[in-house]
There are 2 protein chains.
Amino acid sequence: MIGGSELERLLRGAALRVTRPRVAVLAAVRDHPHIDTESIIGVVRERVGAVSHQAVYDVLRVLTTAGLVRRIQPAGSVARYEARVGDNHHHVVCRSCGAIADVDCAVGFAPCLTAADDAGYTIDEAEVVYWGQCTDCARQGRTGPAAEQRTVHSHEQPT
Amino acid sequence: MIGGSELERLLRGAALRVTRPRVAVLAAVRDHPHIDTESIIGVVRERVGAVSHQAVYDVLRVLTTAGLVRRIQPAGSVARYEARVGDNHHHVVCRSCGAIADVDCAVGFAPCLTAADDAGYTIDEAEVVYWGQCTDCARQGRTGPAAEQRTVHSHEQPT
DNA sequence: CTCACTTTCTGGAATGAATCAAGACACCGG
DNA sequence: CCGGTGTCTTGATTCATTCCAGAAAGTGAG
Ligand SMILES: [Mn+2]
Ligand SMILES: [Mn+2]
Ligand SMILES: [Zn+2]
Ligand SMILES: [Zn+2]
């Protein structure tokens, strides 16, 4: 809901052409932190009409490479994108519903942690994912991953 | 290469029946840290002959649920398993070749980090993934993800 | 030892995210 | 105003993983 010219400047600053799909995708990601590709396609189509899924995938790749958006992928989740970049923040993920929230990094730049023994690796980033349960799920006493429909695998016995 | 009876005890201790596939999968994971499912199937078949991929997937799920193995899934990687459990250690991943090495946790139990602002979540684990480049890749000057064959997407311009 | 119950096998089929493909067209910007 | 970049359309493909279901095998409690 903020000025598109702002986004235009971002794109030009990254030496990227300003196109409708790019601006729309960038806006969608900025307005919906940790949004997944499917939802981006939905949001973008609402705003600018027809956009091919191919275009969205292409745009996301370009924006990610340019560093305008960040791609995150907690285990068990599809790829998600956010426009909050450059501050090396972390995430907390709900084991029950998959909700993601930002967690500020005390250090603010990468790598914000030093490995005791780095096994010789040259480390450029320490990614931290906090796992737990969000307030909603805690209150409702949800337990397992809500994403899975709790269908019982035929080879598995119900507990 | 260690006693199978050791593994049997592990399984029984988790109230799991001792079956050939289970013992074989557990041994494979223990002997090949951070092994992926495909490789597990290979290793298991070498040792005990025919085992269905379905059985391996089932076994891995059971072992993971029982806490005998840990499943890790760094972004851009397929699921990998390890038998080193209970010590809350972390991992360092090579951006070029995907190699994974263990990183001891200074604390040794979860959660080993406290979030500045946990957004109300009840946090039970802080997972840390160090990203960087392994010694081999650094020496050979590899740059991009080696997993991807560097084929140029038709919609993408080479830099 | 026996039997009920669990686990695995077989052989596919389906899923879902992501990528690839390629020609035609649109449109951005120097 | 063009050259070249980006997008469109339509479909196919890949790959890990899960689902399926009946039959066979194997385990362990009693
Ligand atoms: Mn974030
Ligand atoms: Mn490990
Ligand atoms: Zn939740
Ligand atoms: Zn490497």
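What counts, and where the lines are drawn
Residues numbered from 1 in each chain as written. Chains lettered and ligands numbered in written order. Predicted model: local features only at pLDDT ≥ 70, side-chain atom pairs only at ≥ 80, totals over all residues. Heavy atoms only, no water. Donors = N, O, S within 2.8 Å, 3.2 Å for Na, K, Ca; no water. Helix = DSSP H or I, 4+ residues; strand = E, 2+ residues; numbered from the N terminus. Buried < 20%, exposed > 50% of the residue type's maximum accessible area, 1.4 Å probe, protein only. Domains from an automatic or database assignment. Contact = heavy atoms within 4.5 Å. Buried area = accessible area lost by both parts, 1.4 Å probe. Salt bridge = Lys/Arg side-chain N within 4 Å of Asp/Glu carboxyl O. Polar contact = N/O pair within 3.5 Å; in protein donor to acceptor, adjacent residues only side chain to side chain. Nonpolar A, V, L, I, M, F, W, Y, C, P; charged D, E, K, R; others polar.

## Digging into the coordination of the manganese ion (ligand 2)
Residues and elements named next belong to chain B. The coordination sphere of the manganese ion (ligand 2), as far as protein atoms go, consists of H34 (NE2), E82 (OE), H89 (NE2), H91 (NE2) and D102 (OD), spread over 1.9 to 2.3 Å. Mapping the donors of the manganese ion (ligand 2) onto the primary sequence yields the spacing H-x47-E-x6-H-x1-H-x10-D. One end of the pair, E82, is in strand β3 (residues 80-82); the other, D102, is in strand β5 (residues 100-103), with 20 residues separating them in the sequence. Owing to a relative accessible area of 25%, D102 belongs among the partly exposed residues under this scheme.

## Remarks on the domain arrangement of chain A
All names here are of chain A. Structurally, chain A comprises domain 1 (4-72) and domain 2 (85-149). With centres defined by C-alpha atoms, the gap from domain 1 to domain 2 works out at 24 Å. Residue-level contacts link 6 residues of domain 1 with 7 residues of domain 2. Overall, the association of domain 1 and domain 2 removes approximately 540 Å² of surface from exposure, summing both partners, and the carbon and sulfur fraction of that is 54%. Ranking the residues of domain 1 by area buried against domain 2 places H34, R70 and I72 at the top, with a combined share of 85%. At the junction of domain 1 and domain 2, the tally comes to 0 salt bridges. The tally of links between domain 1 and domain 2 comes to 3 residue pairs in polar contact (both at pLDDT 80 or more).

## Things to note about the interface of chain B and chain A
Contacts between chain B and chain A engage 42 residues on the former and 42 residues on the latter. Note on chain B versus chain A: buried area summed over both sides is about 3,200 Å², and carbon and sulfur give 54% of it. It is Y121, E127 and Y130 of chain B in chain B that bury the most area against chain A; as a group they hold 20% of the surface buried on that side. Where R95 of chain A meets D124 of chain B, a salt bridge forms, and the shortest distance between an N and an O atom there is 2.6 Å. In this structure, the connection of chain B to chain A is made through 16 residue pairs in polar contact (both at pLDDT 80 or more). Here the element with the most residues in the side of chain B that touches chain A is strand β6 (residues 122-133) of chain B; it accounts for 12 residues. Residue composition of the side of chain B that touches chain A, grouped by class: 20 nonpolar, 11 polar and 11 charged.

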